[in-house]
Amino acid sequence: MPSLIKKRGRKRWKGVVMVKGKRMEKLFPDNSMVTKRQAVLWEKETKEQIERQLTVMDCLTIFNWAEEYLDFSKEKHDIKTYKEKKGVFSQLLRFYDPTTKIEEMDPGKALKYLMEQKKIKSGYKSNKHRKNLATAWKWGRKYMIGFPKDMPNPFREVDKFSTEETKRYVPPEEDFWKVYNCAEGQDRIMLFTFFYLAARRKEVFNLTWNDIDFINNKIRLGTKKRKGGNKEYDWLPMTSILKETIDYWWGNRPMQDKKHVFVCLDKTSFCEQYYGKKFTSRQHFMKRLCTKAGVKPFGFHSIRHLSATILYHKGYSLSVIQAFLRHKSPTTTNRYLHSLGLEMTRSALEEGLKGLRQNVPLPFKNKKAIGV
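Residues numbered from 1 in each chain as written. Predicted model: local features only at pLDDT ≥ 70, side-chain atom pairs only at ≥ 80, totals over all residues. Heavy atoms only, no water.

(A) Representation of the overall build of the chain in the model. Of the regular secondary structure elements, the chain holds 16 helices and six strands. For the chain, the proportion of its 372 residues judged to be buried stands at 43%. If you sum the accessible surface of the chain, you get close to 21,600 Å²; carbon and sulfur atoms cover 51% of it. (Helix = DSSP H or I, 4+ residues; strand = E, 2+ residues; numbered from the N terminus. Buried < 20%, exposed > 50% of the residue type's maximum accessible area, 1.4 Å probe, protein only. Areas by Shrake-Rupley, 256 points an atom, 1.4 Å probe, with all protein chains shown as cover.)

This is the structure:
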């Protein structure tokens, strides 16, 4: 029942609700009977709301949490990210009973689970699980009805595990050109594009002709590897040689009506269903080329590191290289947008990557290799 209180010379009704130790209060503007009825109604509705939340919380399990978060992830993230998160929750639900209540998942339980992952896998994998589950907990706290709002994030409370750092393999420049020379047709132009853009695999696979601005010598790459998982685009300058190469491919591509710059052109029985469609993966492609070239295997992402390493060894600043790689934190983004223009990056690329193709034919000069 509301109580009448006097505060700063004014009499006002105050509503108070207490349910299982959870207390809420609300001051109303005056001491009229109309306001008293409003306070009574507020107490009733608030009590019912808290009781509903507590009822939901009593039956909210880690399975409910996993199910709702994965439904969200399936719509929000790309398939690779979704599968990673699904795998993490599969491990968690095997380790703990799926009916375990959310409020029982304290830092001690989180630590026990993560230590098991370190034991059977590695500290690196355990940290990946920690990151995914901490993110999912934060999401649940924000969006799920009945999710404990005041509990600390148990996975975030656990310290990261130590890991053995493995040095990324960056192939020698000559090895890249050996592999390049073993490629033919569209594949050669694709490798050329990877090298001159330091692009990620999906960025090149998803590249469309609308992403290429031949007039202003720019090319647009889109990525989801940013905070929040939203797809973001960046314009990069095309060096003169890359523009010349892609311009040639525009005029000589075998499938003139296709949207994407690179599409499957393999007519073998295995690839027939994908013919004319953009690439989603090219399993074993780089490994086969490396074997053919007689060099230590490396992948598409290693080409990205190679391009950056070449600029670094030529003495270009980290800010130029960050712009080239499109690494985005708030600081990096601010520094990139306000102190580094595309023309400065272009001149660095023109000079930095100039002369790297000694004794290497351009992709479009050898029409036999292109298959035109």
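From this point, things continue past the structure.
(B) Region of interest: the confidence of the model for the chain. Averaged over the chain, the pLDDT score is 84; the fraction of residues at 70 or greater is 85%. With pLDDT under 50 throughout, residues 332–342 is counted as low confidence; its partners more than four residues away or in other chains account for 19 contacts. (pLDDT = per-residue confidence, 0-100. Contact = heavy atoms within 4.5 Å.)

(C) Structural context of the packing of helix 7 (residues 173–182) against helix 11 (residues 285–293). At their nearest, the axes of helix 7 and helix 11 sit 8 Å apart, and the two run at 100 degrees to each other. By the angle class used here, helix 7 and helix 11 are roughly perpendicular. For the pair formed by helix 7 and helix 11, the contact residues are Lys178, Val179 and Cys182 on the first element and Met286, Leu289, Cys290, Lys292 and Ala293 on the second. (Axes fitted to C-alpha atoms, helices over the stretch in contact; angles between N-to-C directions. Parallel < 35°, antiparallel > 145°, perpendicular 65-115°, else oblique.)

(D) Looking closely at the nonpolar core. Ranked by internal contacts, the top residues of the largest apolar core, which has 52 residues, are Phe176, Val179, Leu191, Phe195 and Ile303. Taken together, the elements giving at least two residues each to this core come down to helix 7, helix 8 (185–197), helix 9 (201–205), strand 5 (218–223), helix 10 (240–252), helix 11, helix 12 (300–313) and helix 13 (318–325). In terms of residue count, the dominant contributor to this core is helix 8 (eight residues). When sequence neighbours within four positions are dropped, the list of residues in contact with Ile303 reads Phe176, Leu191, Phe194, Phe195, Met286 and Phe298. (Core = buried A, V, L, I, M, F, W, Y, C linked by side-chain atoms within 4.5 Å.)

(E) Up close: the environment of Asn153. Tracing the backbone through its elements, the reader meets Asn153 in the loop between helix 5 (123–143) and helix 6 (154–157). Along the sequence, Asn153 and Trp137 sit 16 residues apart, while their C-alpha atoms lie 6.5 Å from each other. Once residues lying within four places of it in the same chain are set aside, the contact partners of Asn153 are Ala134, Trp137, Lys138 and Arg141. For Asn153, the side chain forms a polar contact with the main-chain oxygen of Ala134, separated by 3.0 Å. (Polar contact = N/O pair within 3.5 Å; in protein donor to acceptor, adjacent residues only side chain to side chain.)

(F) Local environment of the sheet that holds strand 6 (residues 232–237). Judged by pairing direction, the sheet is antiparallel, and its three strands sit side by side in the order 4-5-6 without closing on themselves. The open sheet has two free edges, formed respectively by strand 4 (212–213) and strand 6, since each of these has just one partner strand. Sheet topology places strand 5 next to strand 6; six bridges connect them, and they run antiparallel. Looking across to strand 6, one finds that Lys218 is bridged to Pro237. (Pairing = 2+ DSSP bridges.)

(G) Molecular detail of the sheet that holds strand 1 (residues 3–7). Ordered by their spatial adjacency, three strands build an open sheet running 1-2-3, and the pairing between neighbours is antiparallel. The sheet is open, and its two edges are formed by strand 1 and strand 3 (22–27), each paired on a single side. If you compare each strand with its neighbour and ignore which way they point, the axes differ by 35 degrees on average. With six bridges connecting them, strand 2 (residues 10–19) and strand 3 associate as antiparallel partners. Looking across to strand 3, one finds that Val19 is bridged to Lys22.

(H) Structural view of the packing of aromatic side chains. For the structure shown, the criterion picks out 27 aromatic pairs. Summarising the aromatic geometry, the rings of Trp65 and Phe89 are spaced 5.0 Å apart at their centres and angled 85 degrees between planes, so their arrangement reads as edge-to-face. Here Trp65, found in helix 2 (residues 62–76), pairs with Phe89, found in helix 3 (residues 79–95); they are 24 residues apart in sequence, far enough to count as distant. With centroids separated by 5.2 Å and ring planes inclined at 85 degrees, the aromatic side chains of Phe195 and Tyr196 adopt a geometry described as edge-to-face. Like Phe195, the residue Tyr196 is buried in the burial classification. Ring-pair connections join several aromatic residues into one group, and the members of that group are Trp65, Tyr69, Phe72, Phe89, Trp137, Trp139, Tyr143, Phe147 and Phe155. Directly above the ring of Tyr180 sits Arg188, whose terminal nitrogen or CZ lies 5.1 Å from the centroid. (Phe/Tyr/Trp six-rings, centres within 6.5 Å; stacked < 30°, edge-to-face > 60°. Lys NZ or Arg CZ within 6 Å of the ring centre and 35° of its normal.)

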